Amino acid sequence: MGRAARRLRIAQPPVSRHIRALEDELGATLFERTPKGMRLLPAGVTFLEHARAILAALERAREAVRQ
């Protein structure tokens, strides 16, 4: 969580809250939380794949509009 917060340049607690809120909204646990950190669960992997596809489609749409 700390690494994500640093990349986003925000404090760690808001990142944790947003992930929990997303998990609540989806009705699925995306990460396994351990004392040593976190790892994606199968639901998290699925969500990540879809999120990346959406971001790629958004970028293609931006390029299409610019042309």
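Looking at this model, I keep getting lost on the environment of E25. Mind explaining?
Along the chain, the position of E25 falls in helix α2 (residues 12–26). The class for E25 is exposed, based on a relative accessible area of 68%. Separated by 28 residues in sequence, E25 and A53 have C-alpha atoms that sit 20 Å apart.

I'm lost on the confidence of the model for the protein in this one. Help?
Should pLDDT be low for a region, the predicted coordinates there are not to be read in detail. Across the protein, pLDDT averages 94, with 100% of residues at or above 70. Ranking the elements of the protein by mean pLDDT puts helix α1 (residues 2–8) last with 86 and helix α3 (residues 42–66) first with 98.

Would you mind going over the pairing of strand β1 (residues 31–34) with me for this structure?
Put simply, side chains in a regular strand alternate between the two faces of the sheet. Summarising the sheet, β1 and strand β2 (residues 37–40) pair through 4 bridges and their orientation is antiparallel. Following the sheet pairing, F31 is matched in β2 by L40. Counting the residues in the hairpin turn of β1 and β2 gives 2 residues.

Looking at this structure, how should I read the side chain of E23?
Locating E23 in the fold gives a position in helix α2. What E23 contacts, discounting residues up to four positions off in sequence, is A28, T29, L30, F31 and R33.

Thresholds applied
Residues numbered from 1 in each chain as written. Predicted model: local features only at pLDDT ≥ 70, side-chain atom pairs only at ≥ 80, totals over all residues. Heavy atoms only, no water. Helix = DSSP H or I, 4+ residues; strand = E, 2+ residues; numbered from the N terminus. Buried < 20%, exposed > 50% of the residue type's maximum accessible area, 1.4 Å probe, protein only. pLDDT = per-residue confidence, 0-100. Pairing = 2+ DSSP bridges. Contact = heavy atoms within 4.5 Å.

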